[in-house]
Amino acid sequence: MVARGLLAVALATGVFASAIGVVAAKHEARQAFVDHQQALSQRDVLNLEWTQLQIEQSTWATQGRVEEQARERLGMIQPESDHIVVIGGDAWAR
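Here the residue numbers are simple positions, counted from 1 along each chain's written sequence. It should be noted that, the model being predicted, local features are given only for residues of pLDDT at least 70 and side-chain atom pairs only at 80 or more, the latter also being counted only at that level, while totals for whole chains, interfaces and linings use all residues. The basis for every side-chain value is the complete set of non-hydrogen atoms in the structure, without hydrogens or water.

**Overview of the overall build of the protein**
Stated formally: Runs of H or I in DSSP of at least four residues are treated as helices and runs of E of at least two as strands, each being numbered from the N terminus. Here the radius of gyration uses the C-alpha set of atoms, whereas the globule reference equals 2.2 Å times the residue count to the power 0.38. The buried label goes to any residue with under 20% of its type's maximum accessible area, the exposed label to any with over 50%, and the partly exposed label to all in between, with areas taken from a 1.4 Å probe on protein chains only. Residue exposure ignores everything except the shown protein chains as possible cover, and the areas themselves are Shrake-Rupley values with a 1.4 Å probe. Positive charges are assigned to Lys and Arg, negative charges to Asp and Glu, while His and the chain termini are left out of the count. Each charge is placed at NZ for Lys, CZ for Arg, CG for Asp and CD for Glu.
Summing up its helical and strand segments, the protein has three helices and zero strands in all. Starting at the N terminus and ending at the C terminus, the protein contains elements arranged as α-α-α. For the protein, whose C-alpha radius of gyration is 37 Å, the value lies well above the compact-globule estimate of 12 Å for 94 residues. Judged by the C-alpha coordinates and their principal axes, the protein covers about 120 × 35 × 15 Å. Taken over 94 residues, the protein has a buried fraction of 2%. Of the roughly 8,900 Å² that the protein leaves accessible, carbon and sulfur atoms contribute 63%. With 8 positive and 11 negative side-chain charges, the protein shows a spacing of 19 Å between the two charge centroids.

Structural data, given as structure tokens:
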């Protein structure tokens, strides 16, 4: 009779421990899913920011903007045609 009672207690303890293990595993899985979703959200935010930065960079590097900044900030002007010297292709070959 005592052995039967000890067996029942041991089995009940095993079932309880197993249930605790299942709950812990479920919690870890949910936490991993939440972390994964946060990482995906952060990736999307970073991709959007990267796209915006690429657009901004292409805007800053347009020919018209560079020319405008050269004229306004640096005081550069387009030289007259008689001040332009064209160097032949042979000069670069050396």
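**Digging into the environment of Trp60**
Quick reminder of the rule: We call two residues in contact when some of their heavy atoms are within 4.5 Å.
Along the polypeptide, Trp60 turns up in helix H1 (residues 2–60). Note on Trp60: relative accessible area 49%, which makes it partly exposed. Put simply, Trp60 and Leu74 are 14 residues apart on the chain and 16 Å apart in space, counted from C-alpha to C-alpha. Excluding its chain neighbours within four sequence positions, the residues that come into contact with Trp60 are Arg65 and Val66.

**Describing a nonpolar patch on the surface**
Put simply, the rule reads: Two joining distances apply to patches: 9 Å for like charges and 5 Å for nonpolar side chains (Val, Leu, Ile, Met, Phe, Trp, Tyr), and every residue must have over 30% relative accessible area and no salt bridge. In the sections that follow, a salt bridge refers to a side-chain nitrogen of Lys or Arg positioned within 4 Å of a carboxyl oxygen of Asp or Glu.
On the surface, a cluster of nonpolar side chains totalling about 420 Å² of accessible area is made up of Met1, Val2 and Leu6. By the secondary structure assignment, Leu6 is in helix H1. Classification of Leu6 as exposed rests on a relative accessible area of 58%.

**Focus on the pattern of salt bridges**
Counted according to the given criterion, the structure contains two salt bridges. A salt bridge links Arg43 to Asp44; the nearest nitrogen and oxygen atoms lie 3.1 Å apart. In this structure, Arg71 and Glu67 form a salt bridge, with 2.9 Å as the shortest nitrogen-oxygen distance. Taken together, the positions of Arg71 and Glu67, both in helix H2 (residues 63–72) and four residues apart, correspond to about one turn of that helix.

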